[in-house]
Amino acid sequence: MTTLSSGFARARRWLREHPLAFDATLAFCTLVAMICSSFTDPGDGHGPPAFGARTPELFSVLLMTLTAAALVLRRRRPMQVLAVTAALAAVEYVLMDPPAPVVMSTVIALYTVASRTDRPTTWRVGLLTMGGLTAAAMVFGSTPWYSQENFGVFAWTGLASAAGDAVRSRRAFVDAIRERAERAERTREEEARRRVAEERLRIARDLHDVVAHHIALVNVQAGVAAHVMDKRPDQAKEALAHVRDASRSALNELRVTVGLLRQQGDPEAPTEPAPGLAVLGELVTTFRNAGLPVEVACADRDRLPAAVDLAAYRVIQEALTNVRKHAGAGAKAEVSVVRVGATAEVTVLDNGRGSAGRGPGTGPADGPPADGDDLDSGGHGLVGMRERVTALGGALTAGPRYGGGFRVHAILPVEARTGEPERPGTAGGTGLRR
């Protein structure tokens, strides 16, 4: 049974891949059926049909052969094949008595037209074919017009039209389902790629903030240590200690950020929360140790959403890094975080010598970086801050101050994104002591 079913499946697959061979086989089988039926006499309707009671005429055999041969082209030219088979069937009804079943080919041709055209065309062609052949059978036949043979012509042609229309509707339905599934799959893939791109951008911003800040501090403290190594070794040791602390902090933040890229089943997963305003005091201390006086004013002690808390911390970190790198010697910075209605405003001011190297997009602030080894000479820091704030629905402005210095001002909405969990302990202490 398994061998038979597999052989049937292979034959069906082969015929589906070779439609012309399938149509030729169908035409041959139709010709055999028509010839066998032409030897059968239906009788007067009171007894069973008698096989061999009559012999078809040579002209009828010719018509049956022509209509069967026309079926080979039924897929390529369905309307022409239907017209030929219907015309030959009508000729058979007009000239031959009793007629041979040439109408079998017309039924198959009508089914093909109905399955490959739209419904209005099926209705028009089907009604025309049914009416024409039924009228020819009733008018020119020797049997009474109400005989079962005449109504059989009407029934079989109508059934062919209905069956073809049903097959066409089912094919359209299956194609629509398949297209919908493919479109949904493409949408899922595009959504997954979009989320991956957003996550990569977020991780890239975090890496930039961490590396730019800590490497700048390490650079400054290493320069101080090298300068006072011979004359003031105690101060050099203190500077090297700051280098060690800054590098350790950078490694820890890099471990947390890169740990987000771990796959499921990796031996270790990061558990430390992302930094926020709760550890702003430690951030400010690192800048003070690097020689940048920073004043902090946080008037609001309410909790902030996790994303807003992290964005505020990163904006302050990047702004102070730019102050340390570009403001020059003797510069001072002021940091304030204030809750205003449904928003949190983060402001970083400095009284540095100018705005060189602060990045593009700030109007007159554009300019070359102050140092040749500036990690942020391309201005990616301000771009990253603006993208981070804009992603939360906020706004960021950065530019030179009147009278000298630079100002970074970010407005962040307090409402967290839908479905984003709060990180406990990351924003509970926005108020800091100086």
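In this text the structure is predicted, and so the values were computed from the model without any measurement.

Calculation notes
Residues numbered from 1 in each chain as written. Predicted model: local features only at pLDDT ≥ 70, side-chain atom pairs only at ≥ 80, totals over all residues. Heavy atoms only, no water. Helix = DSSP H or I, 4+ residues; strand = E, 2+ residues; numbered from the N terminus. Buried < 20%, exposed > 50% of the residue type's maximum accessible area, 1.4 Å probe, protein only. Polar contact = N/O pair within 3.5 Å; in protein donor to acceptor, adjacent residues only side chain to side chain. Patch = residues over 30% accessible without salt bridge, like charges linked within 9 Å, V, L, I, M, F, W, Y side chains within 5 Å. Areas by Shrake-Rupley, 256 points an atom, 1.4 Å probe, with all protein chains shown as cover. Salt bridge = Lys/Arg side-chain N within 4 Å of Asp/Glu carboxyl O. Lys, Arg positive; Asp, Glu negative; His and termini not counted. Charge placed at Lys NZ, Arg CZ, Asp CG, Glu CD. Pairing = 2+ DSSP bridges. Axes fitted to C-alpha atoms, helices over the stretch in contact; angles between N-to-C directions. Arc of directions from axis to C-beta. Expected span 1.5 Å × (residues − 1). Core = buried A, V, L, I, M, F, W, Y, C linked by side-chain atoms within 4.5 Å. Contact = heavy atoms within 4.5 Å.

S.K.: I'm lost on the side chain of Gln317 in this one. Help?
M.R.: Secondary-structure assignment places Gln317 in helix α10 (residues 306–326). Since its relative accessible area comes to 0%, Gln317 is described here as buried. Polar side-chain contacts of Gln317 include one of 3.0 Å to the side chain of Arg314.

S.K.: Mind showing me how you'd approach a positive patch on the surface here?
M.R.: Residues Arg10, Arg12, Arg13 and Arg16 make up a contiguous surface patch of positive charge. By secondary structure assignment, the location of Arg10 is in helix α1 (residues 2–17).

S.K.: Just to check I follow, could you spell out the sheet that holds strand β4 (residues 333–340) for this structure?
M.R.: Picture the strands of a sheet paired through backbone hydrogen bonds; they go either parallel or antiparallel. Pairing is mixed across the open sheet formed by five strands, whose spatial order is β3-β4-β5-β7-β6. Every interior strand has two partners, whereas the edge strands, β3 (294–298) and β6 (395–400), have only one. Here the average twist between neighbouring strands, direction ignored, is 10 degrees. The sheet contact formed by β4 and strand β5 (residues 343–350) spans eight bridges and is antiparallel. From the neighbouring strand, Val337 faces β5, where its bridge partner is Val346.

S.K.: Sorry if this is basic, but what is going on with helix α9 (residues 280–289) here?
M.R.: Think of an α-helix as turning once every 3.6 residues; residues three or four places apart then point the same way. Along α9, the residues that are buried comprise Leu280, Leu283, Val284 and Phe287. The buried side chains of α9 occupy one side of the element, clustering within an arc of 95 degrees when seen end-on. With its phi angle positive at about 100 degrees, Gly291 sits one or two positions after the end of α9.

S.K.: Explain α10 to me, please; I cannot follow it from the model alone.
M.R.: Compared with an ideal rise of 1.5 Å per residue, which puts 21 residues at 30 Å, α10 spans 30 Å between its outermost C-alpha atoms and is within 8% of the ideal. The buried fraction of α10 is high, at 20 of 21 residues. Phi turns positive one or two residues past the end of α10, at Gly328, with a value near 95 degrees.

S.K.: Would you mind showing me how to read the nonpolar core here?
M.R.: What tends to happen in soluble globular proteins is that the nonpolar side chains get buried as a cluster. Of all hydrophobic cores here, the largest spans 43 residues; its most connected members are Val294, Ile316 and Val408. For this core, the element with the highest residue contribution is α10, accounting for 10 residues. Residue contacts for Ile316: discarding those within four places in its chain leaves Leu277, Leu280, Leu283, Val335, Val337, Val346 and Val348. Within the second largest apolar cluster, 15 residues are counted, among which are Leu31, Ala89, Leu133 and Val153.

S.K.: Would you explain a nonpolar patch on the surface in this entry?
M.R.: A surface patch of nonpolar side chains, amounting to about 710 Å² of accessible area, comprises Phe59, Leu62, Leu66, Val91, Val94, Leu95, Val139 and Phe140. Mapped onto the elements of the fold, Val91 is located in helix α4 (residues 78–95).

S.K.: Can you walk me through the pattern of salt bridges in this structure?
M.R.: Once their charged atoms are close, side chains differing in charge can pair, the charge on each being opposite to the other. Tallied over the entire structure, the rule returns 10 salt bridges. With a shortest N-O distance of 3.0 Å, Arg178 and Asp175 are connected by a salt bridge. Taken together, the residues span about one helical turn, with Arg178 and Asp175 both in helix α7 (residues 148–228) at a distance of three residues. On the accessibility criterion, Arg178 (43% relative accessible area) is partly exposed. Asp175 gets classed as partly exposed once you look at its relative accessible area, which sits at 44%. The salt bridge partner of Glu179 is Arg183, with a shortest N-O separation of 3.8 Å. Of this pair, Glu179 and Arg183 are both found in helix α7, four residues apart, which corresponds to roughly one turn of the helix.

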